[in-house]
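Each chain is listed here by its residues.
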Amino acid sequence: MAYQNIVATNLGQVAATTSYQLLYKTPANTRTIVKAFDICNTTGNQATFYISLVPIGGSAGTDNALFYNAKIPGYSTVQWCGTQVLNAGESIYVKASATGCTISASGGEGT
């Protein structure tokens with residue numbers, strides 16, 4: 001994938017629950033570059049969050065965790081910036097220890 005073929009995009013945002021849920025799935029014939037995650041805890045209590053980059057046929061867990069049981073203080077936001085690549089059909093799954101955490105992802109898609 002050439003750099004000039006990447007289109008910046010908001011990959012998705014979810015209000016995390018205590019079960020893993022799909023935040024984003026790379027479309028067919030596409031490669032995704034994940035550049036940032038923003039995790040916002042809207043409650044006064046500390047919470048933990050989980051973000052997994054899941055290959056085709058896999059399931060979210062310790063073997064594909066980007067964040068696992070990561071702490072976030074109440075009324076605060078954590079931002080991760082870096083570079084992760086997802087191939088067609090690969091996904092981002094998220095969850096939190098309690099409701100009240102919003103998780104957003106941004107990056108780019110290209111063919």
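Refer to the structure printed above.
Every value quoted in this text rests on a predicted model; they were computed, and no experiment measured them.

(A) Expanded view of the sheet that holds strand 8 (residues 101–110). Ordered in space as 1-8-3-6, the four strands form an open sheet in which the pairing is antiparallel. For this open sheet the edge positions go to strand 1 (7–15) and strand 6 (76–86), each flanked by a neighbour on one side alone. Strand-to-strand twist across the sheet, computed as the mean angle between neighbouring axes with direction ignored, equals 15°. Pairing of strand 3 (residues 31–41) with strand 8, which is carried by 10 bridges, proceeds in the antiparallel orientation. Considered in strand 8, the bridge of Asn 41 is made with Cys 101.

(B) Up close: the pairing of strand 3. Relative to strand 6, strand 3 runs antiparallel, the two being bridged by nine bridges. Looking across to strand 6, one finds that Phe 37 is bridged to Trp 80.

(C) Highlighting the packing of aromatic side chains. Across all of its chains, the model carries four aromatic pairs by this definition. Judged by centre distance (5.7 Å) and plane angle (45°), the ring pair of Phe 37 and Trp 80 falls under tilted. In this pair, Phe 37 sits in strand 3 while Trp 80 sits in strand 6, placing the two residues 43 residues apart along the sequence. Residues Phe 37 and Trp 80 agree in their burial class; the two are buried. Geometrically, the ring pair formed by Tyr 50 and Tyr 68 is edge-to-face, given 4.9 Å between the ring centres and 90° between the ring planes.

(D) Fine view of the environment of Gly 57. Turning to its location among the elements, Gly 57 is positioned in the loop between strand 4 (47–54) and strand 5 (65–72). As for Gly 57 and Glu 90, which are separated by 33 residues in sequence, their C-alpha atoms are 8.6 Å apart.

Cut-offs applied
Residues numbered from 1 in each chain as written. Predicted model: local features only at pLDDT ≥ 70, side-chain atom pairs only at ≥ 80, totals over all residues. Heavy atoms only, no water. Pairing = 2+ DSSP bridges. Helix = DSSP H or I, 4+ residues; strand = E, 2+ residues; numbered from the N terminus. Axes fitted to C-alpha atoms, helices over the stretch in contact; angles between N-to-C directions. Phe/Tyr/Trp six-rings, centres within 6.5 Å; stacked < 30°, edge-to-face > 60°. Buried < 20%, exposed > 50% of the residue type's maximum accessible area, 1.4 Å probe, protein only.

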